[in-house]
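Chain and residue survey
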Amino acid sequence: MNSAAVPPALAHDEVVSPVHCRRCGYNLYGLRADGQCPECGLETWESVLHTVDPAASRLPKLRDPARVGSALLSLTVFLLIGAAVLATRPLAGWVEKLDPTGRWALAAHVPAEFTFLAAAAAVGGLWSLRGLDPERGIGEQGAVWRRGIWLLAWVLAVGVVAATVAARLEAVFPLSPAADVLRLSLAVPAVIGLLGLQGILGVIGLRSREYRTARGGRQGITAMVAATMGLAAGGLIRLLGLSQSLGGLATLGAVIGLISTLMLLIGLAYLVVNVWWIRRALHRPPPELSEILGRRA
Ligand SMILES: [Zn+2]
């Protein structure tokens, strides 16, 4: 516990709204900022700091933080849905290959048209971007934010087209690997989109103390980029193995692809949780220090 000292200018202020002691819950209303909790002795200042999140309150104000939080959440949910839909047919196929008895026949249960849902999810993602329009007047952070939005917009537009084409290809040429190749080539825009998302999260995520300070619980974008590249590599190895009739190589590729796909989906699901924290902080921002401390006339 780092017990920061009370800034001298605030030392004689009193707690002017109900702040509860971090340790025992005692209401510190009316006590001095440099005092201690009468119940447990914890510094009042520590409970005040815990209540206000000074780091977030130093950031430039957003015009409509609640809208930004909801848009970010719906964007990541659509990304998760889109990725899960795109992965479903390959996953079913891969799992089927791993089953030597061939009894599961999973792929037969997922029609080619299912992939259209990924295009719909990408449209949903584009729609979510509307609520994320980069704010003016937040300086350099705004530039990072704006770039992230543009990257995501391009990537989602590519996703709409690619998923639609992949669904058609699979329906018309069910045995051709063309749809697989198309899916794999989406790894490139996916990485670009993840990097755009990283920029946006870097700017907006700072406003949530839970996100800012979570170390283990924060989904790293780098890990998801690595999973995307693993997914593409596995898919290429599998296609290579299939084209050269090397069964072992194809299985190796399938296993790498399967593991990477699961890692990516778990990563996206965790990202949704992280964004849920950010949204919560944006919808209910912590009070300003000036609302908590003051001097009574
Ligand atoms: Zn206490």
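Above this text is the structure in question.
In this text, all values refer to a predicted model and were calculated from it rather than measured experimentally.

1. A closer look at empty space enclosed by the protein
A complete count under the given rule lists one cavity of 30 Å³ or more for this structure. Together, 35 residues line the largest cavity, and A83, L86, L186, A190 and L264 are the ones closest to its centre. For the lining of the largest cavity, the element with the most residues is helix 3 (residues 65-98), which contributes eight residues. Considering only residue class, the lining of the largest cavity consists of 26 nonpolar, six polar and three charged.

2. Side note on the packing of helix 4 (residues 116-130) against helix 5 (residues 140-172)
Packing of helix 4 against helix 5 brings their axes to within 7 Å, and their N-to-C directions diverge by 160°. As judged from the angle between their axes, helix 4 and helix 5 are roughly antiparallel. Our pair here, helix 4 against helix 5, has a crossing hand that is left-handed. In this structure, helix 4 contributes F116, A118, A119, A122, V123, G125, L126 and L129 to the contact, and helix 5 contributes I149, L152, A153, L156, A157, G159, V160, A163, T164, A167 and R168. By residue class, the composition of the contact of helix 4 with helix 5 is 15 nonpolar, three polar and one charged.

3. Describing the coordination of the zinc ion
The protein atoms that coordinate the zinc ion are C21 (SG), C24 (SG), C37 (SG) and C40 (SG), at distances spanning 2.2 to 2.3 Å. Each of the four donor atoms around the zinc ion contributes to a set of angles spanning 103 to 117°, which defines the coordination as tetrahedral. In terms of primary sequence, the donors binding the zinc ion are separated according to C-x2-C-x12-C-x2-C. Taken together, the residues span a long stretch of sequence, with C21 in the loop between strand 1 (14-15) and helix 1 (44-52) and C40 in the loop between strand 1 and helix 1 at a distance of 19 residues. Relative accessible area serves as the criterion here: at 27%, C40 is assigned to the partly exposed category.

4. A closer look at the nonpolar core
One recurring pattern in soluble globular proteins is that nonpolar side chains are buried together. Within the largest apolar cluster, 47 residues are counted, with the highest numbers of intra-cluster contacts made by L72, L75, L129, L132, W145, L201 and I204. When contributions to this core are tallied by element, the ones reaching two or more residues are helix 3, helix 4, helix 5, helix 7 (187-204), helix 9 (221-243) and helix 10 (247-283). If we ignore the near neighbours within four places in the chain, the residues touching W145 are L62, V68, L132, D133, P134, E135, I138, I200, V203 and I204. Counting residues in hydrophobic clusters, the runner-up holds 15 residues, among them C21, L28, V48 and V52.

5. Focus on unusual backbone geometry
Within the chain, D53 stands out as a residue other than glycine whose phi angle is a positive 55°. Secondary-structure assignment places D53 in the loop between helix 1 and helix 2 (54-57). Residue D53 is classed as buried on the basis of its relative accessible area, which comes to 3%. Even without a glycine there, the phi angle at S245 is positive, about 55°. Take S245: its relative accessible area is 66%, and that puts it in the exposed class.

6. Overview of the environment of A281
Note that A281 resides in helix 10. We classify A281 as buried; its relative accessible area is 16%. If near-sequence neighbours (up to four positions away) are discounted, A281 is found in contact with R207, S208 and P286.

7. Description of the pattern of salt bridges
A complete count under the given rule lists eight salt bridges for this structure. Here R212 makes a salt bridge to D53, at a shortest N to O gap of 2.7 Å. Taken as a pair, R212 in helix 8 (residues 209-213) and D53 in the loop between helix 1 and helix 2 lie far apart in primary sequence, 159 residues in all. Here D180 makes a salt bridge to R238, at a shortest N to O gap of 3.7 Å. Of the two residues, D180 is situated in helix 6 (residues 178-185) and R238 in helix 9; the sequence distance between them amounts to 58 residues. By relative accessible area, which is 12% here, R238 ends up buried. Bridged by salt links that share partners, the residues R89, E170, D180, R183 and R238 form one connected network.

The rules behind the values
Starting from 1, residues in each chain are numbered consecutively following that chain's sequence as written. Confidence filtering applies because this is a predicted model: local features only for residues at pLDDT of at least 70, side-chain atom pairs given and counted only at 80 or more, and all residues used for totals across whole chains, interfaces and linings. As a rule here, side-chain values come from all non-hydrogen atoms in the structure, and water together with hydrogens is ignored. The pocket and cavity definitions rest on a 1 Å grid over protein atoms only: a 1.4 Å probe that fits but cannot leave marks a cavity, an open set with protein on both sides within 12 Å along at least five of seven lines marks a pocket, and residues lining either have an atom within 4 Å of a point. Grid points are joined across faces, edges and corners, and a volume is the space filled by probe spheres set on the points. Runs of E in the DSSP output that reach at least two residues are strands. Runs of H or I that reach at least four are helices, and both are numbered from the N terminus. Here the nonpolar group is Ala, Val, Leu, Ile, Met, Phe, Trp, Tyr, Cys and Pro; Asp, Glu, Lys and Arg are the charged ones; every other residue, Gly included, is treated as polar. Axis geometry follows a simple rule: fit a line to the C-alpha atoms, using only the stretch in contact for helices, then measure angles between N-to-C directions, giving values from 0 to 180 degrees. Just so you know how the angles are binned, under 35 degrees is roughly parallel, over 145 roughly antiparallel, 65 to 115 roughly perpendicular, and the rest oblique. We call a crossing left-handed when the near helix sits turned anticlockwise from the far one by less than a right angle, and right-handed when that turn is clockwise. By definition, residues are in contact when any of their heavy atoms lie within 4.5 Å. For Na, K and Ca the donor cut-off is 3.2 Å; for every other metal, N, O and S atoms count as donors within 2.8 Å. Water does not enter the count, which can leave sites looking incomplete. For four-coordinate sites, all angles between 85 and 135 degrees define a tetrahedron; for four- and six-coordinate sites, opposite donors beyond 155 degrees with the remaining angles between 65 and 115 define square planar and octahedral shapes respectively, and all other cases count as irregular. Relative accessibility thresholds used throughout: buried, under 20% of the residue-type maximum; exposed, over 50%; partly exposed, between the two (1.4 Å probe, protein chains only). What we call a nonpolar core is a set of buried Ala, Val, Leu, Ile, Met, Phe, Trp, Tyr and Cys residues that are connected through their side-chain atoms within 4.5 Å. The salt bridge definition used is simple: a Lys or Arg side-chain nitrogen within 4 Å of an Asp or Glu carboxyl oxygen.

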